[in-house]
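Each chain, letter by letter, is given below.
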Amino acid sequence: MFCIECGKENVELYKGRCSSCFASGNKLINIPSDITVEFCAHCSSIHVGDKWVENKQPEEEIIAEKIVQESVPDENADDIVLEIEPINQKGAILEILVKASGTVLQVPIKREFTLNVKLNKNVCPECSKHASGYYEAVLQLRGDKRPLDPDEITKADEIIKNSLEKLFRKNRMAYLAQRVEIKEGVDYYFGSFKAARKVSNALKDQMGGMIGESPRLMGRDKSAGKDLYRIWISFRLPFFHNGDFILHKKHAGQIIDINGKRILIHDLKTMNKISLSWREYSNLEMVAQGEDVKTTTVTSKTPTKIQVLHPETYQPIDLDILPEFSDINIGDQVKVVEILEKIHILPTI
């Protein structure tokens, strides 16, 4: 038995050739002469099959991966390494030199190929939606039975901005499509209803308030066979602010903190701090505002009574002395508020 190419005798043959001749005629790898790589021109996502895949790699790495994916190694080749080098570009066509090295039947082989890569820049569906102002949810910021304060709107804007910056890292539909100020408050239009829900929860956690949802049927996606909805989310801030006074179970208290879990008040009769859940919100009544707090003077003090002047009529008023007021002395200035025709001395918070 001898090699039909070089004539070597008494060697193992592969399709009639010795290992050296067989290896020298092996292509090592089959690389297509033309490939297309489709990018999103806005976010650099790449089109793979029928899907757009988020991508954070440099363009040259994507091209290299595409070449590797579409190349087929020879069944007899091992340890293949590809070196990919751009050599020329004309418009959207990039000419690539591929240097391949490996072994065939343990014989080292090197090959060179050239191919054209068409760089097709398009717009992915998510960026297309963003550019067109697409939205899935509207968050309506309102005050309950009152207008919003400018500082409340500013705080809400900041919370929404910070929340979206975090959410956008994992959800590119987490963007604000539109912000509209109206007489009743502010409407925020979000690209993703999931993002809108998370933002509304962030607002509630930091500002307190009530959330409600109302889905509305907008049409039907025939290709997916499902109804399309938009979600209207109502976020209402309470009718009171920090520093206001409310009535709870016939006890007047000053609000000292509001968050998503509870309303914290300072009971003006017992001087205890009481935490109220939002389930009790409908049972609360505002009886004075923070701006109703006045300053007056202590005119007399006994072991059981403390006398102050009414802040408007200047008539002396005797009040039961509480342990919290034991350090108050005659002539001191104190903060008071009148609730249901009764004067209360306020604790120092």
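Heads up: the structure comes first, above all this text.
This section reports on the structure supplied with the text. Everything numeric in this text was worked out from a predicted model, so none of it was measured.

About the criteria used
- Residues numbered from 1 in each chain as written.
- Predicted model: local features only at pLDDT ≥ 70, side-chain atom pairs only at ≥ 80, totals over all residues.
- Heavy atoms only, no water.
- Phe/Tyr/Trp six-rings, centres within 6.5 Å; stacked < 30°, edge-to-face > 60°.
- Buried < 20%, exposed > 50% of the residue type's maximum accessible area, 1.4 Å probe, protein only.
- Lys NZ or Arg CZ within 6 Å of the ring centre and 35° of its normal.
- Helix = DSSP H or I, 4+ residues; strand = E, 2+ residues; numbered from the N terminus.
- Polar contact = N/O pair within 3.5 Å; in protein donor to acceptor, adjacent residues only side chain to side chain.
- Contact = heavy atoms within 4.5 Å.
- Axes fitted to C-alpha atoms, helices over the stretch in contact; angles between N-to-C directions.
- Parallel < 35°, antiparallel > 145°, perpendicular 65-115°, else oblique.
- Left-handed = near helix turned anticlockwise from the far one by under 90°.
- Nonpolar A, V, L, I, M, F, W, Y, C, P; charged D, E, K, R; others polar.
- Salt bridge = Lys/Arg side-chain N within 4 Å of Asp/Glu carboxyl O.
- Pairing = 2+ DSSP bridges.
- Expected span 1.5 Å × (residues − 1).
- Arc of directions from axis to C-beta.

### Some points on the packing of aromatic side chains
Argument step 1. Summed over all chains, the structure comprises five aromatic pairs.
Argument step 2. With 4.9 Å between their ring centres and 80° between their planes, Phe239 and Phe240 make a pair best called edge-to-face. Of the two residues, Phe239 and Phe240, both sit in the buried class.
Argument step 3. Seen from their ring centres, Trp278 and Tyr281 are 5.8 Å apart, and the 35° between their planes marks the pair as tilted. The exposure classification of Trp278 matches that of Tyr281, with both residues buried.
Argument step 4. Among the aromatic residues, ring-to-ring pairing joins Phe239, Phe240, Trp278 and Tyr281 into one connected group.
Argument step 5. Here Arg230 stacks its cationic end above the ring of Tyr135, 3.9 Å away from the centre of that ring.

### Quick word on the side chain of His310
Argument step 1. Locating His310 in the fold gives a position in the loop between strand 20 (305–309) and strand 21 (316–320).
Argument step 2. Only 3.0 Å separates the side chain of His310 from the backbone nitrogen of Glu312, close enough to count as a polar contact.
Argument step 3. Discounting chain neighbours no more than four positions away, the residues touching His310 are Gln315, Ile317, Glu338 and Ile343.

### Focus: the packing of helix 4 (residues 150–167) against helix 5 (residues 193–207)
Argument step 1. Closest axis-to-axis distance for the helix 4/helix 5 pair is 9 Å, and the angle between their directions is 135°. Regarding the angle of helix 4 to helix 5, the classification is oblique. Crossing angle aside, the handedness with which helix 4 passes helix 5 is right-handed. When helix 4 is examined against helix 5, the residues Glu152, Lys155, Ala156, Ile159, Ile160, Ser163, Leu164 and Leu167 are found in contact with a partner set consisting of Ala195, Lys198, Val199, Ala202, Leu203, Gln206 and Met207.
Argument step 2. In terms of residue class, the contact of helix 4 with helix 5 is made up of ten nonpolar, two polar and three charged.

### A few points about the pattern of salt bridges
Think of it this way: side chains of opposite charge can pair up when their charged atoms draw near.
Argument step 1. For the structure on display, the rule yields nine salt bridges.
Argument step 2. We note a salt bridge from Glu70 to Lys66, for which the minimum N-O separation is 3.2 Å. Residue Glu70 and its partner Lys66 are both found in helix 2 (residues 59–70); the two are separated by four residues, about one turn of the helix.
Argument step 3. When its relative accessible area of 35% is taken as the criterion, Glu70 is described as partly exposed.
Argument step 4. Among the ionic pairs, Asp157 bridges to Arg179, the shortest N-O distance being 3.0 Å. Linking Asp157 in helix 4 with Arg179 in strand 10 (residues 176–182), this pair joins segments that are 22 residues apart in sequence.
Argument step 5. Owing to a relative accessible area of 25%, Asp157 belongs among the partly exposed residues under this scheme.
Argument step 6. Here the residues in one salt-bridge network are Asp157, Arg179 and Glu181, joined through shared partners.

### Looking at the side chain of Ser192
Argument step 1. Checked against the element boundaries, Ser192 lands in the loop between strand 11 (185–190) and helix 5.
Argument step 2. Taking the relative accessible area as the measure of exposure, Ser192 reaches 5% and is therefore buried.
Argument step 3. Leaving out residues up to four positions away in the same chain, Ser192 has contacts with Glu136, Asn171, Met173 and Ala174.

### Describing the sheet that holds strand 14 (residues 245–248)
Across a sheet, paired strands are connected by hydrogen bonds in the backbone, their directions being either parallel or antiparallel.
Argument step 1. Strand order across the open sheet formed by five strands is 17-16-15-14-18, with antiparallel pairing between neighbours. Where the open sheet ends on each side, the last strands, each with one partner, are strand 17 (273–277) and strand 18 (285–288). Sheet twist, expressed as the mean angle between neighbouring strand axes with direction ignored, is 45°.
Argument step 2. Pairing of strand 16 (residues 262–267) with strand 17 involves five bridges; the strand directions are antiparallel. Counted as the bridge partner of Ile263 is Leu276 from strand 17.

### A closer look at helix 4
Argument step 1. A rise of 1.5 Å per residue sets the reference length of helix 4, with its 18 residues, at 26 Å; its end C-alpha atoms lie 26 Å apart and thus fit the reference within 8%.
Argument step 2. Turning to helix 4, its buried residues are Glu152, Ile153, Ala156, Ile159, Ile160, Ser163, Leu164 and Leu167. Buried residues in helix 4, looked at end-on, bunch into an arc of 125°, giving them a common side. Facing away from the buried side of helix 4 by more than 90 degrees, the exposed set consists of Pro150, Asp151, Thr154 and Lys166.

### Quick notes on helix 2
Argument step 1. The end-to-end C-alpha distance of helix 2 is 17 Å, a good match for the 16 Å that twelve residues give at a rise of 1.5 Å each.
Argument step 2. Turning to helix 2, its buried residues are Ile62, Ile63, Lys66 and Ile67. Along helix 2, the residues classed as buried sweep out an arc of 135° about the axis, all on the same side. Away from its buried face by more than 90 degrees, helix 2 exposes Glu60 and Gln69.
Argument step 3. Those residues of helix 2 that are buried lie in contact with strand 2 (34–40), strand 3 (46–48), strand 6 (77–90), strand 7 (93–104) and strand 8 (107–122).

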